[in-house]
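What follows is the residue order along each chain.
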Amino acid sequence: MTPYPELYCVICCMVPRDPMECASCSQLFCKKCIQKWMHGKNQCPNRCDGKNIRMASKVIVKLIRNLEIKCVHCGMVKKIESIDKHQAECKKPKCANDACETLESAITTPQHVFLKGEKKVTCSLQCKFVAQLQEVLTKDEQYIPILRKAHDLFSEYGKQNDLHINCQKQVHDLISEFEKHSSQAQSQKAYIPRNPGKNGFCDFTLDQNHSAQGITLSHGNKSCYLQEAGYCFRTVLGNAPMTSGIYYWEIHADPRTENELKIGVSSERSFNLNTAFCDYDFGWAFYGLGQLRHGNNSSGPKFGKAFKNSGILGICLDMNKGTLGFSLNGEFLGAAFVDDRLKKGPFWIAVSLLHKAGFQLVCGKALPPCFPKQHLLSEKRVSYNIYNSE
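Residues numbered from 1 in each chain as written. Predicted model: local features only at pLDDT ≥ 70, side-chain atom pairs only at ≥ 80, totals over all residues. Heavy atoms only, no water.

**So, the overall build of the protein chain**
- Check the secondary structure of the protein chain and you find 7 helices and 20 strands.
- Going through the 390 residues of the protein chain one by one, you find that 48% of them count as buried.
- Summarising the internal contacts of the protein chain: among those between residues at least 6 apart in sequence, 58% fall at separations of at least 24.
- Put simply, the protein chain shows about 20000 Å² of open surface, and 50% of that area lies on carbon and sulfur atoms. (Helix = DSSP H or I, 4+ residues; strand = E, 2+ residues; numbered from the N terminus. Buried < 20%, exposed > 50% of the residue type's maximum accessible area, 1.4 Å probe, protein only. Contact = heavy atoms within 4.5 Å. Areas by Shrake-Rupley, 256 points an atom, 1.4 Å probe, with all protein chains shown as cover.)

**Some words on the sheet that holds strand β19 (residues 348–354)**
- The strand order across the open sheet built from 6 strands is β8-β11-β19-β13-β14-β15, with neighbouring strands paired in antiparallel fashion. Two strands in the sheet have a free side with no partner beyond their single neighbour: β8 (206–211) and β15 (291–293). Direction aside, neighbouring strands of the sheet carry axes that sit 30° apart on average.
- Here strand β14 (residues 283–287) runs beside β15; their pairing, made up of 3 bridges, is antiparallel. Looking across to β15, one finds that Phe286 is bridged to Leu292. (Pairing = 2+ DSSP bridges. Axes fitted to C-alpha atoms, helices over the stretch in contact; angles between N-to-C directions.)

**Topic: the confidence of the model for the protein chain**
- In the predicted model, the protein chain carries a mean pLDDT of 78, and the fraction of residues at 70 or more is 74%.
- Within the protein chain, the lowest mean pLDDT, 35, falls on helix α7 (residues 384–389), and the highest, 98, falls on strand β13 (residues 262–266).
- Per-residue pLDDT stays below 50 along residues 157–163; that stretch engages in 7 contacts with residues further than four places along the chain or on separate chains. (pLDDT = per-residue confidence, 0-100.)

**What about the sheet that holds strand β20 (residues 356–362)?**
- Judged by pairing direction, the sheet is antiparallel, and its 7 strands sit side by side in the order β9-β10-β20-β12-β16-β17-β18 without closing on themselves. Looking at which strands have only one partner, the edges of the open sheet turn out to be β9 (215–218) and β18 (331–338). Sheet twist, expressed as the mean angle between neighbouring strand axes with direction ignored, is 20°.
- The sheet contact formed by strand β16 (residues 312–318) and strand β17 (residues 323–328) spans 6 bridges and is antiparallel. In the strand pairing of β17, Ile315 is matched with Phe326.

**Structural notes on helix α2 (residues 58–65)**
- Of all the positions in α2, only Ile60, Val61 and Ile64 are classed as buried. In an axial view of α2, the angular spread of the buried residues amounts to 100°, which keeps them on one side of the axis. Residues of α2 that are exposed and point over 90 degrees away from its buried face: Lys58, Val59 and Lys62.
- Where the residues of α2 are buried, they touch β2 (28–29) and α3 (80–90). (Arc of directions from axis to C-beta.)

**Considering the packing of aromatic side chains**
- Scanning the model with the defined rule gives 11 aromatic pairs in all.
- A ring pair is formed by Phe286 and Phe303, whose centres lie 6.1 Å apart and whose planes are at 70°; its orientation type is edge-to-face. With Phe286 in strand β14 and Phe303 in the loop between β15 and β16, this residue pair connects regions lying 17 residues apart in the sequence. Each member of the pair, Phe286 together with Phe303, is buried.
- Taken together through their ring pairs, the aromatic side chains of Tyr248, Phe332 and Phe371 make up a single cluster.
- Between Lys262 and the ring centre of Phe233, over which it is positioned, the NZ or CZ distance is 4.2 Å.
- The ring centre of Tyr287 lies 4.9 Å from the NZ or CZ of Lys262, which sits over that ring. (Phe/Tyr/Trp six-rings, centres within 6.5 Å; stacked < 30°, edge-to-face > 60°. Lys NZ or Arg CZ within 6 Å of the ring centre and 35° of its normal.)

**Considering the environment of Asn320**
- For Asn320, the position within the fold is in the loop between β16 and β17.
- Spatially, the C-alpha atoms of Asn320 and Lys343 are 5.9 Å apart, while their sequence positions differ by 23 residues.
- Filtering out sequence-adjacent residues up to four positions away, Asn320 remains in contact with Gly245, Ile246 and Lys343.

**A look at the side chain of Thr122**
- Tracing the backbone through its elements, the reader meets Thr122 in strand β7 (residues 118–122).
- Residue classification places Thr122 among the buried residues on the basis of a relative accessible area of 0%.
- Among the polar contacts made by the side chain of Thr122, one reaches the main-chain carbonyl oxygen of Gln111 at a distance of 2.8 Å.
- With near-sequence residues (within four places) excluded, Thr122 lies in contact with Cys95, Ala96, Asn97, Ile107, Thr109, Pro110, Gln111, Val113, Cys127, Lys128 and Ala131. (Polar contact = N/O pair within 3.5 Å; in protein donor to acceptor, adjacent residues only side chain to side chain.)

**Some details on the pattern of salt bridges**
- By the definition in use, this model includes 8 salt bridges.
- Between Glu228 and Arg234 there is a salt bridge, with its nearest N and O atoms 2.9 Å apart. A single burial state applies to Glu228 and to Arg234, both of which are buried.
- A salt bridge links Arg256 to Asp254, with the nearest nitrogen and oxygen atoms 2.7 Å apart.
- For Arg256, a relative accessible area of 47% corresponds to the partly exposed category. (Salt bridge = Lys/Arg side-chain N within 4 Å of Asp/Glu carboxyl O.)

**So, the side chain of Asn259**
- Considering the arrangement of structural elements, one finds Asn259 in the loop between β12 (246–253) and β13.
- For Asn259, a relative accessible area of 14% corresponds to the buried category.
- Among residues more than four places away in sequence, those in contact with Asn259 are Tyr231, Lys308, Leu354, His355, Lys356 and Ala357.

**Some thoughts on the state of the cysteines**
- In this structure the tally under the stated criterion is 0 disulfides.
- In this structure Cys12 is not part of a disulfide, and its nearest cysteine sulfur, from Cys30, lies 3.8 Å away.
- On the basis of relative accessible area, Cys12 is assigned to the partly exposed category, the value being 31%.
- Free cysteine Cys370: the closest other cysteine sulfur is in Cys316, separated by 9.6 Å. (Disulfide = S-S within 2.5 Å.)

What follows is the structure, encoded as structure tokens:
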């Protein structure tokens, strides 16, 4: 994403590759986009004479080459001139341990493991253990600290050739700690938010341990603010899962916010928090531009009204009906998503912030009267099937 809208190609709405420009209107285009556009025409999209299309100036080319964008696979930020090469490598299958970068093609003694019902490949017994541990721990809040140790462990040694020799003792320690917590879990109750009941009541805070770099939490982890020079989305999650019933919470705008938020729910916690949660299929969000996002980082259908640095956004997750609805300043906007997958938890409150943005999380309120009875939500909605067709 670029902070300069003028640097977008008006045809594909992306940062232009091999940039061309119109000498008359100064609009930029990708070379391929404008060539395709002008096939059978002799004018730019702004109806200028096609003879005025030329290569962009050296200043513009240099500016674009220095822009940084996110990898669509891992979320890592790279300069645009190197992103294609990085993404080509990044999408190649790797060891199933997220913290290990070993390509499957380089694995000499593969260790197979089933994760979420799918057969995956790891490069060693240690990585197989950590991949299995990761899947188990994300299902229970008590195990999250152990998962974090595993990630820290492999991040520390991940770039060294003797990774698995150095990790041997630490992996055994993790196994011991895992077994200890497993036995304790039988007699301890994990944190469960107050029962949502029939009126949507819930009580959550934001999770310091599941917030991206640069995000600051305050006021009992109910307020959140991000201020940085870059333009990459950063995500913060709620501290406890939503498992069944109806949940309602509010996002109160921070007047310091300069860039719109992406607000909704995520069914996963183990992903790159330095990306927007709704870039993935496990995230459903209202984007403050007045749009929806689900499994897409750049486009979605129009929905509701703009929301940025003033007002109160209400969110209702009805896991009985599989709907996610929104209100703005007491006005019901509709059921943004109607999806059977929203009936099956757990889900976490999720918000993605960009550049300079903040909000306050408010829970503990009953579902307001502006939300109609849940079986009527479908009368005012953008259906999931329509959303997928765009």
